[in-house]
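Each chain, written out:
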Amino acid sequence: MASRTVAKDIITLRGSAAIVSEFFGYAANSILYNRGIYPEESFAKVKKYGLPMLLTNDEGVKSFISNLNAQLSEWLEAGKLQRVVLVIMSKGTNEVLERWNFSIETDSEVVEKGVSREKSDKEIMREIQAIMRQIASSITYLPCLDESCVFDVLAYTDKDVAVPFTWIESDPKLIANPQMVKLHSFDTKIHKVDTLVSYKNDEWDEQ
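Residues numbered from 1 in each chain as written. Predicted model: local features only at pLDDT ≥ 70, side-chain atom pairs only at ≥ 80, totals over all residues. Heavy atoms only, no water.

For helix H1 (residues 13–34), built from 22 residues, the straight-helix expectation of 32 Å at 1.5 Å per residue is met to within 8% by its first-to-last C-alpha distance of 31 Å. Just past H1, the residue Gly36 takes up positive phi, approximately 70°. (Helix = DSSP H or I, 4+ residues; strand = E, 2+ residues; numbered from the N terminus. Expected span 1.5 Å × (residues − 1).)

Written out as structure tokens, the structure reads:
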């Protein structure tokens, strides 16, 4: 009688940190492309998560995201990262127009005891795919950004974390009375990432 062996994917703390930090890099690129923060021609197509994705060719942005990923991975591995927020602001006025909020829950037992968890790589990829599809379709549920914009990234960490000199203390860059859209989440069984985008209400909305 034929038998089938099903291999389980072991997720370690370091492996999970790598998955999550890589996700942030691709998500940031997708947000910058789909929200028109940089010109369409400054992005190149690649395949990732079984989807066509876009990555910036701008050397300054590439370097920023690469350094960001390295730092986030370090904080994730230490179990010290609580949230990452990509903020889109008006270039002219610095008014905050959108906040892409990624909240992170970390399995403290994994950090403290070094144990691993089990979850299929394919299952994690499917969950990330769902988020990436929602980012790609953001034009259908977010207001048009009809002015030049810039972006920044905020990281919320535990208070005992030593902040690298390349990071500075910041205000939370909040939006008054925002509209919010909750997106899908993904879970490596070590880090759970919940995604939410909040945006400025159009002033001409009906009262």
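Okay, the sheet that holds strand S7 (residues 149–157) next. Read across the sheet, 5 strands follow the order S7-S4-S5-S9-S8 without closing on themselves; strand pairing throughout is antiparallel. Of all the strands in the sheet, just S7 and strand S8 (179–187) have a single pairing partner and so form its edges. The mean angle between the axes of side-by-side strands here comes to 15°, regardless of whether they run parallel or antiparallel. Looking at chain direction, S8 and strand S9 (residues 191–199) are connected through 7 bridges and run antiparallel. By the bridge assignment, Ser185 is partnered in S9 with Asp194. Packed onto the sheet, helix H2 (residues 59–77) meets strand S4 (81–90), strand S5 (96–106), S7 and S9 and runs at close to 15° relative to S7. (Pairing = 2+ DSSP bridges. Axes fitted to C-alpha atoms, helices over the stretch in contact; angles between N-to-C directions. Contact = heavy atoms within 4.5 Å.)

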